[in-house]
Amino acid sequence: MIIWDGSCSRQRTALRPGTLFRRPDGYVTGENGSPITANLKLMSQTVKYLYPALAAVLTILFVVTAGSICNMLYLGVPDPEGNLDYFRQDMLVMGLATPVSLLIAGVAWAFAVLFYYIINSVKFDRWWNWLTVLTLVAVITGIFTGHLLTSKIGSANPAVLPSYEPYIRAMGAWGAVLGAVFFAIASMGIRHWSSNCRHTPFPQ
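Residues numbered from 1 in each chain as written. Predicted model: local features only at pLDDT ≥ 70, side-chain atom pairs only at ≥ 80, totals over all residues. Heavy atoms only, no water.

**With respect to the layout of surface pockets**
Stated precisely, the cut-off is as follows: Using a grid of 1 Å spacing that covers the protein atoms alone, one calls a set of points a cavity when a 1.4 Å probe fits there but cannot get out, and a pocket when the set is open and has protein on both sides within 12 Å along at least five of seven lines; lining residues are those with an atom within 4 Å of a point. Grid points are joined across faces, edges and corners, and a volume is the space filled by probe spheres set on the points. For the purposes of this entry, the term helix denotes a DSSP run of H or I that reaches at least four residues, the term strand denotes a run of E that reaches at least two, and both are numbered from the N terminus. The nonpolar class holds Ala, Val, Leu, Ile, Met, Phe, Trp, Tyr, Cys and Pro. Asp, Glu, Lys and Arg form the charged class, and all remaining residues, Gly among them, are polar.
By volume, the largest pocket amounts to about 160 Å³. For the lining of the largest pocket, the leading source of residues is helix 4 (residues 83–94), giving four residues. A breakdown of the residues in the lining of the largest pocket according to their chemical character gives seven nonpolar, four polar and one charged.

**Section: the nonpolar core**
Note the cut-off: Nine residue types can take part in a nonpolar core, namely buried Ala, Val, Leu, Ile, Met, Phe, Trp, Tyr and Cys, and a core is a set of them joined through side-chain atoms within 4.5 Å. Each residue's exposure class comes from its accessible area (1.4 Å probe, protein chains only) as a fraction of the maximum for that residue type: buried when under 20%, exposed when over 50%, partly exposed otherwise.
Counting residues in each nonpolar core, the largest one holds 42 residues, and the members touching the most others are Leu75, Phe87, Leu149, Met171 and Phe183. For this core, the leading source of residues is helix 7 (residues 161–190), giving twelve residues.

**Description of unusual backbone geometry**
Cis rather than trans, the peptide bond between threonine 200 and proline 201 has omega equal to 15 degrees. The residue proline 201 is located in the segment after helix 7 in this model.

**Some points on the confidence of the model for the chain**
Formally: Along the chain, pLDDT gives the predictor's confidence residue by residue, from 0 to 100. By definition, residues are in contact when any of their heavy atoms lie within 4.5 Å.
Model confidence for the chain is summarised by a mean pLDDT of 84, while 76% of its residues fall at 70 or above. Summarising per-element confidence for the chain, the mean pLDDT is lowest in strand 1 (residues 2–4) (47) and highest in helix 5 (residues 97–119) (97). Contacts of residues 30–34 to residues separated by more than four positions or lying in other chains number 13 contacts, the stretch itself having pLDDT below 50.

**A short note on the packing of helix 5 against helix 6 (residues 127–156)**
Convention followed: Only the stretch in contact is used when fitting a helix axis, every axis being a line fitted to C-alpha atoms; angles between N-to-C directions are given from 0 to 180 degrees. Any angle that is under 35 degrees is reported as roughly parallel, and any over 145 degrees as roughly antiparallel; angles of 65 to 115 degrees are reported as roughly perpendicular and all others as oblique. Handedness of a crossing is defined here by the sense of rotation of the near helix relative to the far one, left-handed for an anticlockwise turn of less than a right angle and right-handed for a clockwise turn.
Helix 6 packs onto helix 5 with a crossing angle of 155 degrees between their chain directions and a minimal axis gap of 10 Å. Judged on the interaxial angle alone, helix 6 and helix 5 are roughly antiparallel. For helix 5 against helix 6, the interelement crossing comes out right-handed. Taken together, the residues of helix 6 that come into contact with helix 5 (itself represented by Pro99, Val100, Leu103, Ile104, Val107, Ala108, Phe111, Phe115 and Tyr116) are Asn129, Trp130, Val133, Leu136, Val137, Ile140, Thr141, Phe144, Thr145, Leu148 and Leu149. In terms of residue class, the contact of helix 5 with helix 6 is made up of 17 nonpolar, three polar and no charged.

Below you can see the structure in the form of structure tokens.
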């Protein structure tokens, strides 16, 4: 329990043991008026810098380990001809996992910056607006993931495209899901410095 005490000198009676007081300078004190460790406001300012660092680390790990992640994604039941295995092998040989991951992360972070720092409107500071942008990110990353794979594989070996089509669609669906996830991660990382939308998507 924290009680505001403007003077920090008035007599305090009938209070529970361990009651804390916030002084005008921002420090929290105990019943004897002594500062408790550090300024809570300063601590809060320090902690919020961890969010963009964590978001950046998660994004970098995603890009670096994209090959392994794509290989683990469920793309459907393997067919008797083994086309799914060939598709995974071609993605690995052609190095398609990295550009796909960069596309997903890039779109997600770009729209997070757009929402919090370019639009940055009081009228836009609503959770449903944030959810609308998240949905837009999912649609864009899904479509462009499929287009990227179709373009790269088609230019290398057009004959395999018909047999790879179900797996390309599945990768597009995963691109949409991952785009939404990384938009949320980017949002949590950078929202604290937005002048009008820093509380979004959490209702106030």
